[in-house]
Amino acid sequence: MTTPRSAARRSRRSARTLAAVVLIVSALVAGTAAIVVATVAALAVAVAYAVTVCSVAARLLTNETAQVRRDWARDRAVTAHEQSREAARRKREQVSFADTMAEKVQVRDTRIEDLAAQIAEAEVALAQAEAEHVAAARRAGALDGELQQTRDSLLGTRAEVRRLRDELAASQSAELEARTELLAWQQQAEEQRRLA
């Protein structure tokens with residue numbers, strides 16, 4: 001990604017490089033001109049000029065190379081710092097996420113334990129209810145047996161009551177006949193007393 005700062009550095013580097021190339025070309029032109037003139041003074045001046053210009057060009061290129069390396073190092077340092085900050089942010093997010101998930105897992109485990117306890121209680125209650133149901137069924141069976149015995153006893157009692165009623169009716173009938181006979185006998189006895 002190109003930033004305005006790196007673009008400015010590129011244009012500055014281009015100017016330095018261009019200046020170094022112009023100086024080297026000017027030294028070449030000066031040397032060629034000195035060769036064409038072919039005098040010792042011209043050659044000496046051209047050589048001195050070429051050495052000076054090439055030294056300046058070498059210095060410019062050295063400075064440019066050093067600046068490029070510094071810029072690259074700075075860019076790498078900035079990138080490393082940004083990546084370090086991003087890594088720290090991600091680490092914080094991961095720690096926060098891990099804490100959140102640990103809390104959720106703990107809540108889930110607690111809920112599972114509660115549900116397991118409720119299931120155990122429900123199983124105990126179910127076992128008790130089944131035992132009570134079996135006991136109630138036994139009691140109902142015993143009560144059914146007692147009810148049948150009571151019905152049989154009631155039928156027997158009703159039959160006995162009917163028999164006793166019949167006997168009572170027969171006894172009352174016999175008593176009535178006996179009274180009638182007794183009254184008739186008493187009346188006869190009184191008539192005989194009166195007649196005698």
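Keep in mind it's a predicted model, so treat the numbers as computed, not measured. Residue numbers run consecutively from 1 along every chain, following the written order of its sequence. Under the rules for a predicted model, residues below a pLDDT of 70 receive no local features and side-chain atom pairs below 80 are neither given nor counted, while totals for whole chains, interfaces and linings still include all residues. Excluded from the side-chain calculation are hydrogens and water; included are all heavy atoms of the structure.

J.: Quick rundown of a nonpolar patch on the surface? Include the residues and the values.
T.: Think of a patch as exposed residues, more than 30% relative accessible area, with no salt bridge, where like charges cluster within 9 Å and nonpolar side chains (Val, Leu, Ile, Met, Phe, Trp, Tyr) cluster within 5 Å. Per-residue and other accessible areas were derived by the Shrake-Rupley procedure at a 1.4 Å probe size, with only the shown protein chains allowed to occlude residues. In the sections that follow, a salt bridge refers to a side-chain nitrogen of Lys or Arg positioned within 4 Å of a carboxyl oxygen of Asp or Glu. Together, V21, V25 and V29 give the surface a local cluster of nonpolar side chains, amounting to about 250 Å² of exposed area. To qualify as a helix, a DSSP run of H or I must reach at least 4 residues; to qualify as a strand, a run of E must reach at least 2; elements of each kind are numbered from the N terminus. Relative to the helices and strands, V25 is located in helix α1 (residues 4-37). We call a residue buried when its accessible area falls under 20% of the maximum for its residue type, exposed when it is over 50%, and partly exposed in between, using a 1.4 Å probe and counting protein chains only. With relative accessibility at 44%, the residue V25 sits in the partly exposed group.

J.: Explain helix α2 (residues 40-195) residue by residue, including any values.
T.: An ideal rise of 1.5 Å per residue puts 232 Å on 156 residues; α2 measures up with 220 Å between its terminal C-alpha atoms. Among all positions in α2, only A46, A50, V53, A57, E64, Q67, V68 and D71 are buried. By this rule, a helix spans an expected 1.5 Å times one less than how many residues it contains.

J.: Any chance you could break down unusual backbone geometry for me, citing the residues and the numbers?
T.: The phi angle at A38 is positive, at roughly 60 degrees, despite the residue not being glycine. On the secondary structure map, A38 appears in the loop between α1 and α2.

J.: Account for the pattern of salt bridges, naming residues and giving values.
T.: In total, this model carries nine salt bridges according to the counting rule given. Among the salt bridges present, the one from E86 reaches R89, with a minimum N-O distance of 2.1 Å. Placement of the pair is E86 and R89 together in helix α2, with a separation of three residues, close to one helical turn. One salt bridge connects R179 with E175, and the closest N-O pair in it is separated by 2.9 Å. In this pair, R179 and E175 both sit in helix α2, four residues apart, roughly one turn of the helix. Judged by its relative accessible area of 52%, R179 falls in the exposed class. A single salt-bridge network, built from bridges that share partners, covers E86, R89, R90 and E93.

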